[in-house]
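Structural characterization, general
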Amino acid sequence: MRVLIFVIATLLIAICAFSIYECRQKPGAPSQNVLSWYVPGVNKLKTKVDNLCNTLATHQSPVAVQQAFCESRLAYKEIEVLAEYFNPFTVQLINGKGDDTTVNKEGKAFQQLERLLYPSLQVADTQMAYVEARKLAAAVNTLAQENERPAPTDAQIFDAMRLELVRIISLGISGFDSPEACESMKEAAASLEGVRQLWNLYADRVNIYNPGLVKYTEELMTAASQQLSHGDRLHFNRQLFITDYMNHLSINFKLSREALSIPYDDDTYVLDPAASNIFARNAVHPLYVAADAIEDSTGTNDPLYEINGQQFRASYMYNLLQQNGALNTVAAGN
């Protein structure tokens, strides 16, 4: 009997050891799962934008046009986490510089449309709005064509999730990305849902090594989503949201990546992939730290965040993300 118990115990240990070994050899989500989420998301965006074009072409009511616009941008926000990371230049034609801190208003597609559609589309602007919508549709078609690329690596996906948290801070909760439609809270929630979808692909694997980390991460995701879904943009405590949710999520992604033995490379980044969060010391490469990180802004949606001794304006973090995306693209092409 003792021999039988010993044999069974040995087999169970061997099976567990083999399972852990397999997970360490393949620490990330299968690329098929990543693409099977992202590609339908891009197609959904294409459908929503085509509908927006149709509402303008058929002269539907301003309310119907605004609804189509909101649905389009929410569809974009759901896939923003990967679209911004892998196609930053195409994304600039879709959701370009939308802040209200610049004199020349260098907005593209969504931003130009937002200014035309809110507070209400005027008859005289209908044709111009249709032209902008068609430009948006063309850019989205380009994004769809760019799907035919090698599957992203685990390191890239974790970096994309981390950067999307910074994007939610800078473009989302600040109102920076939705100054006229005032849909920033809903859009930030959609962006966070995109991050959750990617995280879910890794959660089971991380759970093998650190169940507590997975539980805490999921609790943070749920609580943060509820805060955004029920938040009042005029009274939302942005500083507290960052310290209580975004920074902790960023740390958890870092810990999860390291639990899965996904390595960091030696390339130069604007935002260090190994930093716990953007407000950590030396998270931003010294060459990209500028005086305008904390300078006063003339815009109404450009708050100054002061966390962990670091001070960044929303618009400044957005510029860091743009430069980081451009640098990533150059590195990928070499």
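Everything below is about the structure shown above.
The notes below deal with the structure included here. (Residues numbered from 1 in each chain as written. Predicted model: local features only at pLDDT ≥ 70, side-chain atom pairs only at ≥ 80, totals over all residues. Heavy atoms only, no water.)

Notes on the overall build of the protein
Looking only at helices and strands, the protein has eleven helices and two strands in total. Counting only residues that meet the buried cut, the protein has 48% of its 334 residues in that class. Working note: accessible area of the protein is about 15,900 Å², and carbon and sulfur atoms make up 55% of it. (Helix = DSSP H or I, 4+ residues; strand = E, 2+ residues; numbered from the N terminus. Buried < 20%, exposed > 50% of the residue type's maximum accessible area, 1.4 Å probe, protein only. Areas by Shrake-Rupley, 256 points an atom, 1.4 Å probe, with all protein chains shown as cover.)

A closer look at the layout of surface pockets
Roughly 200 Å³ of volume is contained in the second largest pocket. Contributions of two or more residues to the lining of the second largest pocket are made by helix H3 (62-86), helix H4 (88-94), helix H7 (154-172) and helix H11 (314-333). Here the lining of the second largest pocket takes seven residues from H11, the largest share from any one element. When its residues are assigned to classes, the lining of the second largest pocket shows nine nonpolar, five polar and two charged. (1 Å grid on protein atoms, 1.4 Å probe; cavity = no way out; pocket = protein on both sides within 12 Å on 5 of 7 lines; lining within 4 Å. Points joined across faces, edges and corners; volume = space filled by probe spheres on them. Nonpolar A, V, L, I, M, F, W, Y, C, P; charged D, E, K, R; others polar.)

A look at helix H5 (residues 109-117)
For H5, the tally of buried residues reaches seven of nine residues, placing the bulk of the element in the interior. For H5, the full list of buried residues reads Ala-109, Phe-110, Gln-111, Leu-113, Glu-114, Leu-116 and Leu-117.

Regarding empty space enclosed by the protein
Under the defined criterion, the tally for this structure stands at four cavities of 30 Å³ or more. Taken together, Phe-158, Asp-159, Arg-162, Ser-250, Phe-253, Lys-254, Arg-257, Tyr-264, Pro-273 and Ala-275 make up the full set of residues lining the second largest cavity. Taken together, the elements giving at least two residues each to the lining of the second largest cavity come down to H7 and helix H10 (238-259). Here the lining of the second largest cavity takes four residues from H10, the largest share from any one element. Residues belonging to the lining of the second largest cavity are distributed by class as follows: five nonpolar, one polar and four charged.

A word on helix H9 (residues 211-229)
Over its 19 residues, H9 runs 27 Å from end to end, which matches the ideal 27 Å to within 8%, given 1.5 Å per residue. By the burial criterion, the buried members of H9 are Leu-213, Val-214, Thr-217, Leu-220, Met-221, Ala-224, Ser-225 and Leu-228. Along the long axis of H9, the arc covered by the buried residues comes to 125 degrees, so they all point the same way. Buried positions along H9 lie against helix H8 (184-209) and H10. (Expected span 1.5 Å × (residues − 1). Arc of directions from axis to C-beta. Contact = heavy atoms within 4.5 Å.)

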